[in-house]
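Observations on the model geometry
The lines below spell out each chain.
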Amino acid sequence: MSNINQSPIQRAAWLRKLYFIRAAFSFAWVALAFTVAKGSPVVASGLLIVYPAWDALANWVDARMTGGAKANPTQVLNFWMSALVTVAVAVSLGLKLQIILVIFGGWAIVAGLLQLATAIRRRKSDKGQWVMMLSGAQSALAGGFFVAQQGSAAPVVQTFAGYAAVGAVYFLISGLVIFFRKSRGGGSGASAPV
């Protein structure tokens, strides 16, 4: 079931809320990665599983609330990719395989390109999408960095936390763009592209 009949104002309010929630989650995840996870391999492993699972859920809910699966094919693909990565990370941790950065790197590349495609598609109807376009491009570039880091002594959770922190900033900025456009009378976010 999807919320296809949202007015432009409702859609802008929904995206603003989603972006703020995603930013808050990522900031909390990063805080845990740099504090509790440093001394707890169990927490570190849990964080590595939770992050792609959260991304899958966020993409699924976003697709449902902004027109459904048919209107959001890139988000549906992003959902499935994130769900697959969640399983792959859990399996690799369980088998003690040292391929987490390759998994996260491949995921960051594909998810970033899908996010970029979503933002390009949305740019005419929704505010703040230029930020999401930058975020998607940065994610794809960061994915290459993760793959290159495989086999190094860098701690996986803290390496990935830098990526998550930048993503959180992008979501926060995009939410603020929508908020301030509405406050200044931009209202729906459905006029000129951003």
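Residues numbered from 1 in each chain as written. Predicted model: local features only at pLDDT ≥ 70, side-chain atom pairs only at ≥ 80, totals over all residues. Heavy atoms only, no water.

The next point concerns the overall build of the chain. Per the secondary structure count, the chain includes 6 helices and 0 strands. The N-to-C order of helical and strand elements in the chain reads α-α-α-α-α-α. Relative to the globule expectation of 16 Å for 194 residues, the C-alpha radius of gyration of the chain, 17 Å, shows essentially globular dimensions. Seen along its three principal axes, the alpha-carbon backbone of the chain occupies a region of about 50 × 30 × 25 Å. The buried share among the 194 residues of the chain stands at 45%. (Helix = DSSP H or I, 4+ residues; strand = E, 2+ residues; numbered from the N terminus. Rg over C-alpha atoms; globule rule 2.2 N^0.38 Å. Buried < 20%, exposed > 50% of the residue type's maximum accessible area, 1.4 Å probe, protein only.)

The next subject is the environment of Ser45. Structurally, the position occupied by Ser45 is in helix 2 (residues 41-65). Sequence separation between Ser45 and Val157 is 112 residues; the distance between their C-alpha atoms is 8.2 Å.

A word on the nonpolar core. Residues Trp29, Val89, Phe104, Trp107, Phe146, Val157 and Phe160 are the most contacted members of the largest nonpolar core, which totals 24 residues. Among the secondary structure elements, those contributing two or more residues to this core are helix 1 (8-34), helix 2, helix 3 (73-94), helix 4 (100-122), helix 5 (129-149) and helix 6 (156-183). When near neighbours in sequence (up to four residues on either side) are disregarded, Phe104 contacts Leu48, Pro52, Val89, Phe146 and Phe160. In terms of nonpolar packing, the next biggest core, distinct from the first, is built from 13 residues, Tyr19, Ala23, Val131 and Val177 among them. (Core = buried A, V, L, I, M, F, W, Y, C linked by side-chain atoms within 4.5 Å. Contact = heavy atoms within 4.5 Å.)

Right, let's get into the pattern of salt bridges. Pairs can form between side chains of opposite charge whenever their charged atoms are close. Applying the stated criterion across every chain, the model contains 2 salt bridges. With a shortest N-O distance of 2.3 Å, Arg22 and Asp55 are connected by a salt bridge. Linking Arg22 in helix 1 with Asp55 in helix 2, this pair joins segments that are 33 residues apart in sequence. Accessibility classification places Arg22 together with Asp55 in one group, the buried group. Asp62 is the partner of Arg122 in a salt bridge, and the nearest nitrogen-oxygen pair spans 2.8 Å. Placement of the pair is Arg122 in helix 4 and Asp62 in helix 2, with a sequence separation of 60 residues. Judged by relative accessible area, which is 5%, Asp62 ranks as buried. (Salt bridge = Lys/Arg side-chain N within 4 Å of Asp/Glu carboxyl O.)

Here we take up the environment of Leu77. Tracing the backbone shows Leu77 in helix 3. Sequence separation of Leu77 and Leu114 is 37 residues, and the distance between their C-alpha atoms is 7.7 Å.

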